[in-house]
Amino acid sequence: MVKVGVLALQGDFLEHIQILREIEGVEPVAVKRIDDLKGVDALVIPGGESTTIGLLLSSRGLDTKVVELAEKGLPIMGTCAGAILLAAKVADRVVGETNQFTLKLMNIEVVRNIFGRQRDSFISTVRVENIGLVKGAFIRAPGIKSAWPPARVTGYINHPSIGEIGVAAEQNNMLALTFHPEITGEKGVYKYFLSFIKR
Ligand code: GLN
């Protein structure tokens, strides 16, 4: 049995827990405080509101612990707001530099709300390196504008109004997806992420 922590401060953590429960050999655990991280083999940071999750992460002292574990090689997957929280650099499509709190674990630059407002949300199929075709829900999603070593972009979409933009990236033990695989039930994403545990 592998224990997969799902950061449960805000956002759609329940959907991640549910899909992980359906994968054999996985025990999902909700992570609300430092103690909940004890013994986890991997961690998922869900979508939601990256500013809110960031504030809660730092006010509970979870940020330092997560960074420490990531640096020791704990596999971490961030989806949507979770991808923003992993990024070294964040801007917003409308307001520019956000100066918001992030864990700065991945060498990626993301642009929040790059596809527009809530009404501009959509579902699209993406080819993600090492995973294959993935159907993802893009809900006020960010885009990955650039990545520098050791991070690299592993999936792009070609959007009618903004053109080609990164939507998946990998850096050693970390995976960032700017969409929601939990909403479209994409178990393949989780199976690939879980393979990081044995790396
Ligand atoms: N727009 C949100 C943010 O910037 C992310 C949305 C999501 O996680 N679905 O934090």
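Heads up: these notes are all about the structure in this document. Quick caveat, the model's predicted, so the values are computed rather than measured.

Here the focus is the overall build of the chain. Check the secondary structure of the chain and you find 5 helices and 13 strands. Relative to the compact-globule value of 16 Å for 199 residues, the chain shows a C-alpha radius of gyration of 15 Å, a close match. Residue pairs in contact within the chain that sit at least 24 positions apart in sequence constitute 64% of those at least 6 positions apart. When the accessible area of the chain is evaluated, it comes to approximately 8,900 Å², of which 49% is carbon and sulfur surface.

Burial along strand S4 (residues 76-79) is two-sided: the residues Ile76 and Gly78 and Met77 and Thr79 are all buried. Strand direction decides the pairing type here: strand S3 (residues 42-45) and S4, joined by 3 bridges, are parallel. Directly across from Ile45, in S4, lies its bridge partner Gly78. Relative to strand S13 (residues 174-177), S4 runs parallel, the two being bridged by 4 bridges. Paired with Gly78 across the two strands is Ala176, which belongs to S13.

Listed in full, the buried residues belonging to helix H2 (residues 50-59) are Ser50, Ile53, Gly54 and Leu57. What you see down the axis of H2 is that its buried residues fit within an arc of 100°, all on one side. Opposite the packed face of H2, turned more than 90 degrees from it, sit the exposed residues Leu55 and Ser59. Looking at the packing, one finds that the buried side of H2 touches strand S1 (2-7), helix H3 (62-71), helix H4 (81-86) and strand S7 (106-112).

Burial along S3 is two-sided: Ala42 and Val44 and Leu43 and Ile45, pointing in opposite directions, are all buried. Of the pairings in the sheet, the one linking S1 to S3 comprises 3 bridges and is parallel in character. When the bridges of S3 are listed, Val4 appears paired with Ala42.

Turning our eyes to something else, we now look at the site of the ligand. Around the ligand sit Gly47, Gly48, Glu49, Ser50, Cys80, Ala81, Ile84, Arg112, Asn113, Ile139, Arg140 and His180, and that is every residue in its neighbourhood. Contact between the ligand and Ile139: a nitrogen atom at 2.9 Å from a main-chain N or O atom of the residue. When the free accessible area of the ligand is taken as 300 Å², the share hidden by the protein chains comes to 97%. For the shell around the ligand, a count of residues per class yields 4 nonpolar, 5 polar and 3 charged.

Tallying each qualifying case throughout the model produces 8 salt bridges. A salt bridge links Arg140 to Glu49, with the nearest nitrogen and oxygen atoms 2.7 Å apart. One end of the pair, Arg140, is in the loop between strand S9 (132-138) and strand S10 (143-147); the other, Glu49, is in the loop between S3 and H2, and 91 residues separate them in sequence. In this structure Arg140 comes out as partly exposed when scored by relative accessible area, which is 31%. Residues Lys72 and Glu68 are paired through a salt bridge, measuring 3.4 Å at the closest nitrogen-oxygen approach. Judged by its relative accessible area of 34%, Glu68 falls in the partly exposed class. Connected via shared salt-bridge partners are Glu49, Arg112 and Arg140.

The rules we used
For every chain, the first residue of the written sequence is number 1, and numbering continues from 1 onward in sequence order. pLDDT decides what is reported in this predicted model: residues at 70 or higher carry local features, side-chain atom pairs at 80 or more are listed and counted, and totals for whole chains, interfaces and linings draw on all residues regardless. Only heavy atoms go into the side-chain values, all of them from the structure, while hydrogens and water stay out. In DSSP terms, a helix is any run of H or I states spanning at least four residues, a strand is any run of E spanning at least two, and both are numbered starting from the N terminus. The globule rule is 2.2 Å times the number of residues to the power 0.38, and the radius of gyration it is compared with is taken over C-alpha atoms. Contacts are assigned to residue pairs with any non-hydrogen atoms lying within 4.5 Å of each other. Methods summary: accessible areas were calculated by the Shrake-Rupley approach with a probe of 1.4 Å, and residue burial reflects only the protein chains presented. Exposure categories follow from relative accessible area, calculated using a 1.4 Å probe and restricted to protein chains: below 20% of the type maximum is buried, above 50% is exposed, and the middle band is partly exposed. Strands were regarded as paired on the criterion that DSSP finds at least two bridges between them. To obtain the arc, one takes the directions from the helix axis to the C-beta atoms. Any residue with a non-hydrogen atom lying within 4 Å of a molecule or strand is treated as near it. In the analysis that follows, any N or O atom pair within 3.5 Å is treated as a polar contact, provided that within protein one partner can donate a hydrogen and the other can accept it, and provided that, for residues neighboring in sequence, both atoms belong to side chains. All amino acids are sorted into three groups, where Ala, Val, Leu, Ile, Met, Phe, Trp, Tyr, Cys and Pro are nonpolar, Asp, Glu, Lys and Arg are charged, and the leftover types, Gly among them, are polar. Here, a salt bridge means any side-chain nitrogen of Lys or Arg that lies within 4 Å of a carboxyl oxygen of Asp or Glu.

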